[in-house]
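Each chain, letter by letter, is given below.
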Amino acid sequence: MFCLSVIQHDLRYRPTCLASLFIRLLEGSLNVISNLGLCVSVYDIQSVEGGFIFPGDGASTYKVVFRLVMFRPFVGEVLIGKLEASSESGLKVSLGFFNDIHIPRHLLQQPCTLGKDGVWTWDYSGSLLSLDIDEQIRFRVSNIKYPPIPVRQEEDAKPFAPMEITGDIYGDGLGLVSWWEE
């Protein structure tokens with residue numbers, strides 16, 4: 001789920017930022033790196049070279065090599081999150097630090113139906129088990145997508161998510177954690 005990634009980055013350091021800490025500037029410039037995952041924190045800085053000032057710029061440019069702690073789950077990994085929302089399209093799950101996890105309706109335990117109250121219910125051999133909001137849910141990662149950054153976004157569109165995880169709860173031991181406790 002978490003791994004260390006070595007990154008080399010040319011960091012432009014403006015003269016107005018001289019009073020700030022170098023590491024804060026470095027951390028502030030990172031978030032999701034396409035095909036690598038979500039940057040959780042800077043683990044360490046391995047080298048800093050340069051300090052070149054390009055003509056007409058005024059900013060120092062450094063070549064920095066550092067390691068990042070990355071959240072990068074693999075397909076098939078089982079994670080535990082919190083059920084945030086339920087809708088006709090499926091479930092929305094949060095890990096606390098990452099919220100763009102969707103479990104589509106066709107990847108829920110079967111047979112599963114959406115009630116009038118907006119809560120999904122799994123019919124397990126005649127026992128009705130509901131998928132209640134704010135409960136812990138164990139799910140399997142089925143897909144990780146890094147969509148391209150949109151050039152133009154509609155006003156009423158949902159916010160852009162640079163990393164999206166699709167999960168499933170179709171299998172033994174998956175679903176609400178409370179279902180499987182003794």
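Rules used throughout
- Residues numbered from 1 in each chain as written.
- Predicted model: local features only at pLDDT ≥ 70, side-chain atom pairs only at ≥ 80, totals over all residues.
- Heavy atoms only, no water.
- Core = buried A, V, L, I, M, F, W, Y, C linked by side-chain atoms within 4.5 Å.
- Buried < 20%, exposed > 50% of the residue type's maximum accessible area, 1.4 Å probe, protein only.
- Helix = DSSP H or I, 4+ residues; strand = E, 2+ residues; numbered from the N terminus.
- Contact = heavy atoms within 4.5 Å.
- Domains from an automatic or database assignment.
- Buried area = accessible area lost by both parts, 1.4 Å probe.
- Salt bridge = Lys/Arg side-chain N within 4 Å of Asp/Glu carboxyl O.
- Polar contact = N/O pair within 3.5 Å; in protein donor to acceptor, adjacent residues only side chain to side chain.
- UniProt positions renumbered as here; feature names shortened; annotations may be inferred.
- Patch = residues over 30% accessible without salt bridge, like charges linked within 9 Å, V, L, I, M, F, W, Y side chains within 5 Å.
- Areas by Shrake-Rupley, 256 points an atom, 1.4 Å probe, with all protein chains shown as cover.

Q: Which parts of the structure should I look at to understand the nonpolar core?
A: In globular proteins that are soluble, nonpolar side chains generally tend to be buried together. In this structure, F71, L91, I103, L131, I137, F139 and I169 are the most contacted members of the largest nonpolar core, which totals 25 residues. Counting only elements with at least two residues in this core, the list comes to β5 (78-87), β6 (90-94), β7 (101-104), β9 (120-124) and β11 (136-145). Take this core: its biggest share by element is three residues, from β11. The residues touching F71, leaving out its near neighbours within four places in the chain, are M1, F2, L36, G37, L38, V40, L79, L95, F97, F98, M163 and I165. If you look at the next biggest cluster of nonpolar residues, it comprises eight residues, including L11, V42, V64 and F66.

Q: I'm lost on the domain arrangement of the protein chain in this one. Help?
A: Reports of interface size often rely on the accessible area that becomes lost once the parts have come together. By the assigned domains, the protein chain splits into domain 1 (2-71) and domain 2 (77-179). In this structure, domain 1 and domain 2 have C-alpha centres spaced 34 Å apart. At the interface, nine residues of domain 1 touch eight residues of domain 2. Between domain 1 and domain 2, a total of about 640 Å² is buried, with carbon and sulfur atoms accounting for 85% of that surface. Of all residues in domain 1, V32, L38 and F71 give up the largest surface area on contact with domain 2, accounting jointly for 66% of the area buried on that side. Here domain 1 and domain 2 share zero salt bridges between them. Seen at the junction of domain 1 and domain 2, the total is one residue pair in polar contact (both at pLDDT 80 or more). Of all elements in the fold, only β2 (32-33) and β3 (37-53) reach the threshold of two or more residues within the side of domain 1 that touches domain 2.

Q: How should I be thinking about the UniProt feature "domain: RNA polymerase III subunit Rpc25" (unreviewed entry) in the protein chain in this particular structure?
A: Mapped onto this numbering, the UniProt entry annotates "domain: RNA polymerase III subunit Rpc25" (unreviewed entry) at residues 77-155. What you have in residues 77-155 is 0% helix and 52% strand, and the ends, taken at the C-alpha atoms, are 35 Å apart.

Q: Please explain a nonpolar patch on the surface as it appears in this structure.
A: Taken together, the side chains of M1, F2, V40 and F97 make up a nonpolar region of the molecular surface, amounting to roughly 360 Å² of accessible area. Among the structural elements, F97 can be located in the loop between β6 and β7. The class for F97 is partly exposed, based on a relative accessible area of 43%.

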